[in-house]
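# Notes for the structure review
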Amino acid sequence: MITRHSYYNTYTWLSSPSHRTSASGAMAPILPICSRCLHHLHNKPTTFTTYRTLSTASAITPAPPIHQTTTSVPPIARFPPTQPPSHKPPEYRKTQLHRQYTSLLRSAPLLLLFQHNNLKATEWMAIRRELHSALLATDESLNTSYASHIKFQAIQAGIFESALLVAEHYDPSSNNNASTPHPTDPSTSSSAQIPNHLPSPQDPTLTHSLSHHAYTTAHPHKKTHPLRPLLSGPLATLSFPTLSPPHIRTTLSILSPKAPTFPAPLRRTNPGYWDATTQGGLQKLLLLGARVEGRVFDMERIRWVGGLEGMEGLRGELVGILGSVGMGVTGALEGVGRGLWMTVEGRRGMLEEEEKGKGGE
Amino acid sequence: MITKHITEVTTRFNPFKKPSKTCRVFLAYLPANARTTMKINTTVLPRDSPEPSFLKLKFKDGKEMQLDTEKLKINDLEEEVDRHSRTLNRKADLEG
């Protein structure tokens, strides 16, 4: 269209001088159009432009993907995927603590529970310092790096109890009734409100540990958990990233020493431990129990775990047992041959003696 | 709770039983410098121990108080201890 217009304009501009010259003489045409354009205007079908536009549009729009023809696209979610609606308002500190404790309980195989009776900040600091330095020494001797991941923190007992129930009795993967509407279903039109996209905490398809579903699943077990009597008063947890008996032994010898297996560090080698602040803090710490891979242990059982030799010790023990078995088998197999040899030798000796006797006579 | 007249605390409890809460909360009520002003003996029993929990207190005037923590809650315990501590307070005030 643009080219045609420009051509037309050029023509009119060129023809205008002749128009001006002939204005005095014969009548000039009012709208001078070239014959080619006139021909086009007369013979052009009226729907030409519209038709071309339509054909272009159908060529550009892609066909819908295959999966959209079998399952419909659900309406857009009204909350960010990282912030699904929770049972408790997410901006509260207790909600975030619940998240933190659930994650801790799911990830840590060993949790020691302590009661802390009015420890001062300096005492906490001294205890953490001593614990960390002792664990670093253990790490060096074992060539591991757990010391920085072993954390000693005060917890809120009530929230911890709730988090414990959710961590133990609620499995998010078990709840997979998310809606996959069929395209022929009239309720799946784009204006339909599919339940899992409504920002409501009661929605059964929300599976995170702060959801209402997690709460209703875990709540009935509240009265029966064996760790429940422990979860009152001022509590602190010591969490381990792995179940390593040498580290447990070091921790117990610092926090709750008992002479033969868990001796306290010597005053000469470790004067910081015998500092008044550290000792004052340690007197106020009480080891109550532990949670080891989902099971509840008391102080004695934890001492038993700490007294284990670890993988190195167990390997040594196994080698010893296998060695003694081998010795026994060799002995048993040898015994038959040796017995036979003894009998044959004895018999030969007897025969020789008999021959000697005969020769002598 | 008035703790300044207490000179000795002896307690024994099994933390896996519910009545132990009274003893544990009592220990938490003692002030941060309690270990310098009084003697505190705590025994934590193993999980399957049938022994009942108990709490024994000694005061400055020599009175000994044995408290049955199996029945008493922490509020009742506080009341019992404060009743004697208040009389000691009064005595100290009168002596000037």
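What comes next is a walk through the structure.

What counts as what
- Residues numbered from 1 in each chain as written.
- Chains lettered and ligands numbered in written order.
- Predicted model: local features only at pLDDT ≥ 70, side-chain atom pairs only at ≥ 80, totals over all residues.
- Heavy atoms only, no water.
- Core = buried A, V, L, I, M, F, W, Y, C linked by side-chain atoms within 4.5 Å.
- Buried < 20%, exposed > 50% of the residue type's maximum accessible area, 1.4 Å probe, protein only.
- Helix = DSSP H or I, 4+ residues; strand = E, 2+ residues; numbered from the N terminus.
- Expected span 1.5 Å × (residues − 1).
- Pairing = 2+ DSSP bridges.
- Patch = residues over 30% accessible without salt bridge, like charges linked within 9 Å, V, L, I, M, F, W, Y side chains within 5 Å.
- Areas by Shrake-Rupley, 256 points an atom, 1.4 Å probe, with all protein chains shown as cover.
- Salt bridge = Lys/Arg side-chain N within 4 Å of Asp/Glu carboxyl O.
- Lys, Arg positive; Asp, Glu negative; His and termini not counted.
- Charge placed at Lys NZ, Arg CZ, Asp CG, Glu CD.
- Arc of directions from axis to C-beta.
- Contact = heavy atoms within 4.5 Å.
- Phe/Tyr/Trp six-rings, centres within 6.5 Å; stacked < 30°, edge-to-face > 60°.
- Buried area = accessible area lost by both parts, 1.4 Å probe.
- Polar contact = N/O pair within 3.5 Å; in protein donor to acceptor, adjacent residues only side chain to side chain.
- Axes fitted to C-alpha atoms, helices over the stretch in contact; angles between N-to-C directions.
- Parallel < 35°, antiparallel > 145°, perpendicular 65-115°, else oblique.
- Left-handed = near helix turned anticlockwise from the far one by under 90°.
- Nonpolar A, V, L, I, M, F, W, Y, C, P; charged D, E, K, R; others polar.

### Focus on the nonpolar core
The biggest cluster of nonpolar side chains holds 73 residues, and the ones touching the most others in it are A:L112, A:L255, B:F26 and B:L57. Core analysis: the next-biggest nonpolar cluster, separate from the first, contains five residues, A:L165, A:V166, A:Y170 and A:A214 among them.

### With respect to helix α5 (residues 93–107) of chain A
The terminal C-alpha atoms of α5(A), which comprises 15 residues, lie 21 Å apart, in line with the 21 Å expected from a rise of 1.5 Å per residue. Where α5(A) is concerned, the buried positions are A:T95, A:L97, A:H98, A:Y101, A:T102, A:L104 and A:L105.

### Considerations on the pairing of strand β1 (residues 110–116) of chain A
All names here are of chain A. Of all the seven residues making up β1, seven are buried; the element is thus mostly covered by neighbouring parts of the structure. By the alternation rule, side chains of β1 split into L110, L112, F114 and H116 and L111, L113 and Q115, which are all buried. Pairing of β1 with strand β3 (residues 235–240), which is carried by six bridges, proceeds in the antiparallel orientation. The residue bridging F114 from the neighbouring strand is A236, located in β3. Direction of pairing for β1 relative to strand β4 (residues 285–292): antiparallel, over a ladder of seven bridges. Considered in β4, the bridge of Q115 is made with L286.

### So, a negative patch on the surface
Taken together, the side chains of A:E352, A:E353, A:E354 and A:E355 make up a negatively charged region of the molecular surface. As for its position among the elements, A:E354 is in helix α12 (residues 310–360).

### Brief notes about helix α11 (residues 299–307) of chain A
What α11(A) keeps buried is the set A:M299, A:I302, A:R303, A:V305 and A:G306. The buried residues of α11(A) occupy an angular sector of 160° when projected down its axis, which confines them to one face. Among the exposed residues of α11(A), those oriented more than 90 degrees off its buried face are A:E300 and A:W304. Tucked into the core, α11(A) has its buried residues touching β1, α9 (245–255), β4 and β5 (295–297) of chain A together with β2 (39–44) of chain B.

### Looking at unusual backbone geometry
With the exception of glycine, the majority of residues adopt a negative phi angle, and the majority of peptide bonds are in the trans configuration. Residue and element names in this part refer to chain A. Despite not being glycine, N118 shows a phi value in the positive range, around 55°. Within the secondary structure layout, N118 lies in the loop between β1 and α6 (121–142). For N118, a relative accessible area of 34% puts it in the partly exposed group. Of note, E293 is a non-glycine position whose phi angle comes to about 50°, a positive value.

### Details of the packing of aromatic side chains
All names here are of chain A. Scanning the entire structure with this criterion turns up four aromatic pairs over all chains. With a centroid separation of 5.3 Å and an interplanar angle of 85°, the aromatic rings of Y273 and W274 are classed as edge-to-face. The class for W274 is partly exposed, based on a relative accessible area of 29%. Members of the aromatic cluster, connected to one another through ring pairs, are F114, W124 and F152.

### Points about the interface of chain B and chain A
If you look at the interface, chain B gives 18 residues, while chain A gives 21 residues. Considering only the side of chain B, the residues that lose the most area to chain A are B:F16, B:R24 and B:R35, jointly responsible for 38% of the buried surface there. Scanning the region where chain B abuts chain A turns up zero salt bridges. Linking chain B with chain A are ten residue pairs in polar contact (both at pLDDT 80 or more), by the criterion used here. Elements with a contribution of two residues or more to the side of chain B that touches chain A: α1 (20–29) and β2 of chain B.

### With respect to the sheet that holds β4(A)
All names here are of chain A. As summarised here, the arrangement of the five strands in space is β2-β3-β1-β4-β5, forming an open sheet in which the pairing is antiparallel. Both edges of this open sheet fall to β2 (151–155) and β5, since each of them pairs with a single strand only. Along the sheet, successive strands turn relative to each other by an average axial angle of 25°, direction set aside. Bridge count for β2 against β3 is five bridges, and the pairing is antiparallel. Looking across to β3, one finds that I155 is bridged to L235.

### Regarding the packing of α6(A) against α9(A)
Residues and elements named next belong to chain A. The N-to-C vectors of α6 and α9 enclose an angle of 150°; their axes lie 10 Å apart at closest approach. Here α6 is positioned roughly antiparallel relative to α9, judged by the angle of their axes. By crossing handedness, the relation of α6 to α9 is classed as right-handed. The segment α6 lies against α9, with I127, E130, L131, A134, L135, T138, D139 and L142 engaging P246, H247, T250, T251, I254 and L255. In terms of residue class, the contact of α6 with α9 is made up of eight nonpolar, four polar and two charged.

### Describing a nonpolar patch on the surface
Among the surface-exposed residues, A:I321, A:V325, A:V329 and A:L333 lie close enough to one another that they form a single nonpolar patch of about 380 Å² accessible area. Summarising the element assignment, A:L333 is placed in helix α12.

### Overview of the side chain of A:S211
Tracing the chain through its elements places A:S211 in the loop between α7 (157–169) and α8 (212–218). Look past the residues within four positions of A:S211 in its chain and what remains in contact with it is A:H87, A:Y170 and A:L206.

### With respect to the pattern of salt bridges
All names here are of chain A. Using the criterion set out here, one finds ten salt bridges over all chains in the structure. One salt bridge in this structure joins K284 and E123, with 3.1 Å as the shortest N-O distance. Within this pair, whereas K284 is found in the loop between α10 (276–283) and β4, its partner E123 is found in helix α6, the two being separated by 161 residues in sequence. No difference in accessibility class separates K284 from E123, as the two residues are buried. For R348, the salt bridge is made with E345, and the minimal N-O distance between the two is 3.4 Å. Taken as a pair, R348 and E345 lie in helix α12 at a separation of three residues, close to a single helical turn. Judged by relative accessible area, which is 46%, R348 ranks as partly exposed.

### Some words on the sheet that holds β2(B)
Residue and element names in this part refer to chain B. Pairing is mixed in the open sheet, where four strands are placed in the order β2-β1-β3-β4. Each edge of the sheet is formed by a strand with only one pairing partner; in this case those strands are β2 and β4 (64–67). Adjacent strand axes in the sheet meet at a mean angle of 10° when their direction is disregarded. Of the pairings in the sheet, the one linking strand β3 (residues 54–59) to β4 comprises four bridges and is antiparallel in character. For K58, the partnering residue across the bridge sits in β4 and is E64.

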